[in-house]
Amino acid sequence: MSSRTAPAGQPITIRRAVARDAKRLTRLVRGSGAYEGKYAAAVAGYRVGPDYIEAHRVFVAVGPDEQGGRVLGFYSLVLAPPELDLLFVADDVQGRGIGRLLVAHMRSEARAAGLDRVMVVSHLPAEDFYHRVGAVRTGTARANPPAVPWDRPEFEIHTSSE
């Protein structure tokens with residue numbers, strides 16, 4: 001477990017996700033404001049299950065009120081091929097540095113696993129966030145209808161830069 005303080009002063013702990021987090025992570029994905037309107041279909045049936053949590057390096061950011069079930073955000077690192085598969089922060093706590101803390105933690109985990117870079121296929125509304133955390137645009141993932149009917153920016157995050 002690692003503990004840091006977000007810029008707003010709230011203590012944030014990042015810990016490995018466990019099977020009992022699955023429903024909370026699924027709710028976070030499905031309830032994301034970034035996936036409203038034309039993007040809603042992309043996450044409507046999405047599920048982060050216990051099997052996914054077991055198969056990948058999934059970490060959650062929790063606040064001091066975790067006992068009440070509050071997960072502020074999470075990410076999933078896939079090692080082969082190296083990819084930041086999921087990164088979500090609860091809508092009501094965005095802008096407080098939690099996403100930045102999760103990316104810094106992911107970089108550390110990726111470095112520890114021997115990776116020097118991690119690929120990200122970004123959701124369009126998250127493109128500016130990835131630029132701000134130092135990701136480098138490398139291309140475009142073409143639409144894959146019906147699951148994803150729009151092109152998405154591809155990035156690399158180098159693990160050596162914080």
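Use the structure listed above.
Residues numbered from 1 in each chain as written. Predicted model: local features only at pLDDT ≥ 70, side-chain atom pairs only at ≥ 80, totals over all residues. Heavy atoms only, no water.

Novice: Summarise helix 3 (residues 98–112); cite the residues concerned and give the values.
Specialist: Since the α-helix turns once every 3.6 residues, residues separated by three or four places project in the same direction. Helix length check: helix 3 (15 residues) gives 21 Å between terminal C-alpha atoms against 21 Å at 1.5 Å per residue, within 8%. The buried count for helix 3 comes to 11 of 15 residues, which makes it a mostly enclosed element. Along helix 3, the positions that sit buried rather than exposed are Ile-98, Gly-99, Leu-101, Leu-102, Val-103, Ala-104, His-105, Met-106, Arg-107, Glu-109 and Ala-110. Once helix 3 finishes, Gly-114 follows within two positions and takes phi at roughly 85 degrees, a positive value. (Helix = DSSP H or I, 4+ residues; strand = E, 2+ residues; numbered from the N terminus. Expected span 1.5 Å × (residues − 1). Buried < 20%, exposed > 50% of the residue type's maximum accessible area, 1.4 Å probe, protein only.)

Novice: So, the environment of Asp-51: which residues are in play, and what are the values?
Specialist: Following the sequence through the fold, Asp-51 ends up in helix 2 (residues 50–55). We classify Asp-51 as exposed; its relative accessible area is 53%.

Novice: Hey, could you go over the pattern of salt bridges for me, with residue numbers and the actual values?
Specialist: Counted by the stated rule, this structure contains 9 salt bridges. A salt bridge links Arg-15 to Asp-21; its shortest N-O distance comes to 2.8 Å. Comparing Arg-15 with Asp-21 shows no difference in burial state: the two are buried. Residue Arg-142 is joined to Asp-151 by a salt bridge in which the shortest nitrogen-to-oxygen separation is 2.9 Å. Judged by its relative accessible area of 57%, Arg-142 is exposed. Taking relative accessible area as the criterion, Asp-151 reaches 33% and is therefore assigned partly exposed. One salt-bridge network, in which partners are shared between bridges, spans Arg-15, Asp-21 and Arg-24. (Salt bridge = Lys/Arg side-chain N within 4 Å of Asp/Glu carboxyl O.)

Novice: Lay out the environment of Pro-153 in plain terms, naming residues and giving numbers.
Specialist: Summarising the element assignment, Pro-153 is placed in strand 8 (residues 152–158). On the basis of relative accessible area, Pro-153 is assigned to the buried category, the value being 1%. Measuring from C-alpha to C-alpha, the distance between Pro-153 and Phe-74 comes to 21 Å, with 79 residues separating the pair along the chain.

Novice: How would you summarise the pairing of strand 8 if you had to cite specific residues and measurements?
Specialist: Counting buried residues along strand 8, 5 of its 7 residues qualify, which places the element largely inside the surrounding structure. Both strand 6 (residues 117–121) and strand 8 contribute to a ladder of 5 bridges, which runs antiparallel. Counted as the bridge partner of Val-118 is Ile-157 from strand 8. (Pairing = 2+ DSSP bridges.)

Novice: Help me get a handle on the packing of aromatic side chains, residues and values and all.
Specialist: With the rule as written, the count across this model stands at 6 aromatic pairs. Arranged with centres 5.9 Å apart and planes meeting at 35 degrees, the rings of Tyr-35 and Phe-88 form a pair that is tilted. Placement of the pair is Tyr-35 in the loop between helix 1 (22–30) and helix 2 and Phe-88 in strand 5 (residues 83–89), with a sequence separation of 53 residues. Relative accessible area serves as the criterion here: at 15%, Tyr-35 is assigned to the buried category. Put simply, the rings of Tyr-35, Phe-74 and Phe-88 touch in pairs and so form one group of aromatic residues. (Phe/Tyr/Trp six-rings, centres within 6.5 Å; stacked < 30°, edge-to-face > 60°.)

Novice: Run through the nonpolar core, naming residues and quoting values.
Specialist: Counting 27 residues, the largest nonpolar core has Leu-84, Met-106 and Tyr-130 as its most contacted members. If you list the elements that add at least two residues to this core, you get strand 2 (11–16), strand 3 (57–62), strand 4 (71–78), strand 5, helix 3, strand 6, helix 4 (127–132) and strand 8. By residue number, the principal contributor to this core is helix 3, which donates 6 residues. Excluding its chain neighbours within four sequence positions, the residues that come into contact with Leu-84 are Tyr-75, Ser-76, Met-106, Val-118, Met-119, Val-120, Tyr-130 and Ile-157. Formed by 20 residues, the second largest nonpolar core is a distinct cluster that contains Val-58, Val-71, Phe-74 and Val-148. (Core = buried A, V, L, I, M, F, W, Y, C linked by side-chain atoms within 4.5 Å. Contact = heavy atoms within 4.5 Å.)

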